[in-house]
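Topology and contacts: notes
These are the residues of each chain, in order.
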Amino acid sequence: AEGAVGVDQQFGSGDSLTLRAYGQVQSYDQRFSSVAPDRDSESLTDLQYVPEQVVGGAGQWTHLLGRHQTLVAGADLMEVMGASDEQLFSMGTHTHNNASGGRQRIFGLFGEDLVRVKSWTVIIAARVDNWDNFNASSICTPVVGACTSPSFLYPSRSDLAFSPRLSVLRSLSHNVSVTGSMYRAFRAPTLNELYRTFRLANVLTLNNPYLNAERLTGAEAGVNVTALDRKLDLRGTFFWSDIVDPVENVTINPTSSPVLREKENLGRIRSRGLALDGIVHVSPNIQLSAGYEFTGATVVNYTVPPGEVSLLGKDVAQVPRNVFTWEARYWNPSRLMISVQGRFVGNQFDDDQNQYPLGRFYTMDLQVGRNVTRNLEIFAAAENVLDERYNVANTPAGSGSLFNIGPPILYRIGLRLNFPSERP
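Residues numbered from 1 in each chain as written. Predicted model: local features only at pLDDT ≥ 70, side-chain atom pairs only at ≥ 80, totals over all residues. Heavy atoms only, no water.

Summed over all chains, the structure comprises four aromatic pairs. Seen from their ring centres, F152 and Y154 are 5.8 Å apart, and the 10 degrees between their planes marks the pair as stacked. Given the relative accessible area of 39%, F152 is considered partly exposed. Three or more aromatic residues joined by ring pairs form one cluster here, namely F152, Y154, Y195 and Y210. The lysine or arginine in question, R329, covers the ring of W331, its NZ or CZ lying 4.2 Å from the ring centre. Looking at R416, its charged tip hangs above the ring of F379, at a distance of 4.6 Å from the centre. (Phe/Tyr/Trp six-rings, centres within 6.5 Å; stacked < 30°, edge-to-face > 60°. Buried < 20%, exposed > 50% of the residue type's maximum accessible area, 1.4 Å probe, protein only. Lys NZ or Arg CZ within 6 Å of the ring centre and 35° of its normal.)

A word on the state of the cysteines. The final tally for this structure, using the stated rule, is one disulfide. Through a disulfide, C140 is tied to C147; the S-S separation comes to 2.1 Å. Between C140 and C147, the S-S dihedral sits near -95 degrees, and the bridge is therefore left-handed. Classification of C147 by relative accessible area gives partly exposed; the value is 26%. (Disulfide = S-S within 2.5 Å.)

Pairing analysis gives 22 bridges linking strand β4 (residues 69-90) to strand β5 (residues 93-117), with the strands arranged antiparallel. Of the residues in β5, the one forming a bridge with Q87 is N97. Connecting β4 to the antiparallel partner β5 that follows it, the hairpin turn spans two residues, and M91 within it adopts a positive phi of roughly 55 degrees. As judged from the 21 bridges shared by β5 and strand β6 (residues 120-142), these two strands associate in the antiparallel manner. Paired with G111 across the strands is A126, a residue of β6. (Pairing = 2+ DSSP bridges. Helix = DSSP H or I, 4+ residues; strand = E, 2+ residues; numbered from the N terminus.)

Further remarks concern empty space enclosed by the protein. What the rule picks out here adds up to two cavities of 30 Å³ or more. Roughly 60 Å³ of internal volume is contained in the largest cavity. Partitioned by chemical class, the residues of the lining of the largest cavity number six nonpolar, one polar and three charged. Roughly 40 Å³ of volume is contained in the second largest cavity. Among the residues forming the lining of the second largest cavity, the class breakdown is five nonpolar, one polar and one charged. (1 Å grid on protein atoms, 1.4 Å probe; cavity = no way out; pocket = protein on both sides within 12 Å on 5 of 7 lines; lining within 4 Å. Points joined across faces, edges and corners; volume = space filled by probe spheres on them. Nonpolar A, V, L, I, M, F, W, Y, C, P; charged D, E, K, R; others polar.)

What follows is about unusual backbone geometry. Of note, R39 is a non-glycine position whose phi angle comes to about 55 degrees, a positive value. Along the polypeptide, R39 turns up in the loop between β2 (15-35) and β3 (42-65). Residue class for R39 comes out exposed when judged on its relative accessible area of 66%. Of note in the backbone geometry, N384 takes a positive phi value of approximately 55 degrees without being a glycine. Checked against the element boundaries, N384 lands in the loop between β21 (376-383) and β22 (391-397).

Relative to the helices and strands, S167 is located in strand β8 (residues 157-171). Among the residues examined, S167 registers a relative accessible area of 14% and is labelled buried. One polar contact links S167 to R165, side chain to side chain, over a distance of 3.2 Å. Once you skip the residues sitting within four places of it in the chain, S167 turns out to touch T121, V122, I123, G180 and S181. (Polar contact = N/O pair within 3.5 Å; in protein donor to acceptor, adjacent residues only side chain to side chain. Contact = heavy atoms within 4.5 Å.)

As enumerated under the stated definition, the model contains 15 salt bridges in all. R105 serves as the salt-bridge partner of E79, at 2.8 Å between the closest nitrogen and oxygen. Of this pair, E79 sits in strand β4 while R105 sits in strand β5, placing them 26 residues apart in sequence. According to the relative accessible area criterion, R105 is partly exposed, its value standing at 32%. Here R187 makes a salt bridge to E214, at a shortest N to O gap of 3.0 Å. (Salt bridge = Lys/Arg side-chain N within 4 Å of Asp/Glu carboxyl O.)

Function-wise, these values are silent; they only describe arrangement.
Written out as structure tokens, the structure reads:
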């Protein structure tokens, strides 16, 4: 369940205030079992219950300085409370319980100055974030015998991050503009990464309560072109980024059963690539679009722990180098709305050592809808209409691999109610 409430208030012609508050409560139940080598039986190993609560709010003030400058300032706050409660079994016997989790609070202040001068648009922005982890623990309670892992009360931790950004847009002509930007950003490790251990097939991934925040430094440059009386839009963007201390699943023991991995700050990864997008407006109701993205994401700095494999030069797990998408749509709400989408994803690896490829795949989706009344829309959708069998996970199993495949054809049908705001 989730809810949000907000207020938008205008003060004169140059000032506005936006306030938002929200909350969310959700839980996740999961059970694990061990399958016998002859695949003729299975036994329960783990009952896991993961509750989570999120509360937060934000406020933003916007001030217009004439026609060519806009100032923005604000603050946001989010607090997450999460846990992982497990009942663990061995050969059908309930042996022990494990409860882990904690709380995380992130508070941020941000500001932005947008200036328009002739054919130039310049945006200078920055934000400061403080994140705190507290009330964190991992407690094991024996039921039969003793616990296999000790209990911990983790110390509180906090960190501060400064994230500046500079963006520039320059119009070269009526149809051509160029863009550029430089920025820094951060991401705090989630409660899931810090305190929750999980298993997928024959791979056990340990949590790490001592993870540091990821720090990104990046830049991009692009060109935007419109042609054919604005019926054709083209955009190309080159991007580069370095992430220090990225949180990744690192293989600790590839020969154990299950294979042992752990959440670790990897060192440094670098992503460089090119994104191309194009849209053709065939008519007011018909639109064709396509996009291609090449991403070369590799490990460029890694201190190899004793006994582990060097990851220098390896592709970042689960990041494909090539992705191609396209869409054709007819949009006339009073008669028919139809959209057909396709997506090709190139090969990627499921693991940090690049031993388990997922392969390439192509899927298509279809959506059809129509307005029944001014406020009511009926729609139907089908995902993976070609029933493509594609891999979403590749984990070691004996001398081979065990593949998890993506979902088959998925159908949805529903009604959508819209209540547009009435303006005088």
